[in-house]
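Notes for the structure review
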Amino acid sequence: MSWIERISNAIERAFDSIRPPLASIPPLLLVCEVYKRPGLSAIALASSIIRRLPEAGIETGVNTDGTPNKINAFVRIFSEEIVREIKDNAKVSCVITPGSIMTTGTGGNAGGPVVVQSTNTMVGKTMGIIE
């Protein structure tokens, strides 16, 4: 096998392992969903992880000698730092596709009232903050 075939096969395997993109959520459903979300929480994350640790055979109760379980403290600290890093340093960039913003306006001229309908014709960009 030549080096070009090896590189080509490696690239093909890499593309095969990439996850397909998620299906797009229609804007109306997205706006309904976004207001129901409570926001990112380190305590909720730590609680969910600690609740599932027994699935991996990791005890979460007090140690047999009565000392506190340090794994629970580690999970809490780890979760707090992950959430802090995401909230403080993550960026969200969004794109506004052409035709996705529809507007209707009214006005007037010498001929009388005028109704105007328009849409964006260019790609737009907006920024956001993860909460």
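Residues numbered from 1 in each chain as written. Predicted model: local features only at pLDDT ≥ 70, side-chain atom pairs only at ≥ 80, totals over all residues. Heavy atoms only, no water.

1. Points about the packing of aromatic side chains
Taken as a whole, this structure holds one aromatic pair when the rule is applied. When the centroid spacing of 5.5 Å and the interplanar angle of 25 degrees are considered together, the rings of Phe74 and Phe78 count as stacked. Of this pair, Phe74 and Phe78 both sit in helix α4 (residues 70-89), four residues apart, which is roughly one turn of the helix. By relative accessible area, which is 52% here, Phe74 ends up exposed. (Phe/Tyr/Trp six-rings, centres within 6.5 Å; stacked < 30°, edge-to-face > 60°. Helix = DSSP H or I, 4+ residues; strand = E, 2+ residues; numbered from the N terminus. Buried < 20%, exposed > 50% of the residue type's maximum accessible area, 1.4 Å probe, protein only.)

2. Things to note about a nonpolar patch on the surface
The grouping of Leu40, Leu45, Ile49, Phe74, Phe78, Ile82 and Ile86 at the surface amounts to a nonpolar patch, some 550 Å² of accessible area in total. For the nonpolar patch, the secondary structure elements donating two or more residues are α3 (42-52) and α4. It is α4 that contributes the most residues to the nonpolar patch, four residues altogether. Classification of Phe78 as partly exposed rests on a relative accessible area of 47%. (Patch = residues over 30% accessible without salt bridge, like charges linked within 9 Å, V, L, I, M, F, W, Y side chains within 5 Å. Areas by Shrake-Rupley, 256 points an atom, 1.4 Å probe, with all protein chains shown as cover. Salt bridge = Lys/Arg side-chain N within 4 Å of Asp/Glu carboxyl O.)

3. Concerning the domain arrangement of the protein chain
Taken domain by domain, the protein chain comprises domain 1 (24-90) and domain 2 (91-131). The C-alpha centroid of domain 2 is placed 38 Å from the C-alpha centroid of domain 1. The interface is formed by six residues belonging to domain 1 together with four residues belonging to domain 2. Summed over both sides, the interface of domain 1 with domain 2 buries roughly 370 Å², with 62% coming from carbon and sulfur. Three residues stand out in domain 1 for area buried against domain 2, namely Leu40, Lys87 and Ala90, and they jointly supply 77% of the buried area on that side. Put simply, domain 1 and domain 2 have zero salt bridges between them. For the pair domain 1 and domain 2, the interface holds zero residue pairs in polar contact (both at pLDDT 80 or more). Here the side of domain 1 that touches domain 2 is composed, by residue class, of three nonpolar, two polar and one charged. (Domains from an automatic or database assignment. Contact = heavy atoms within 4.5 Å. Buried area = accessible area lost by both parts, 1.4 Å probe. Polar contact = N/O pair within 3.5 Å; in protein donor to acceptor, adjacent residues only side chain to side chain. Nonpolar A, V, L, I, M, F, W, Y, C, P; charged D, E, K, R; others polar.)

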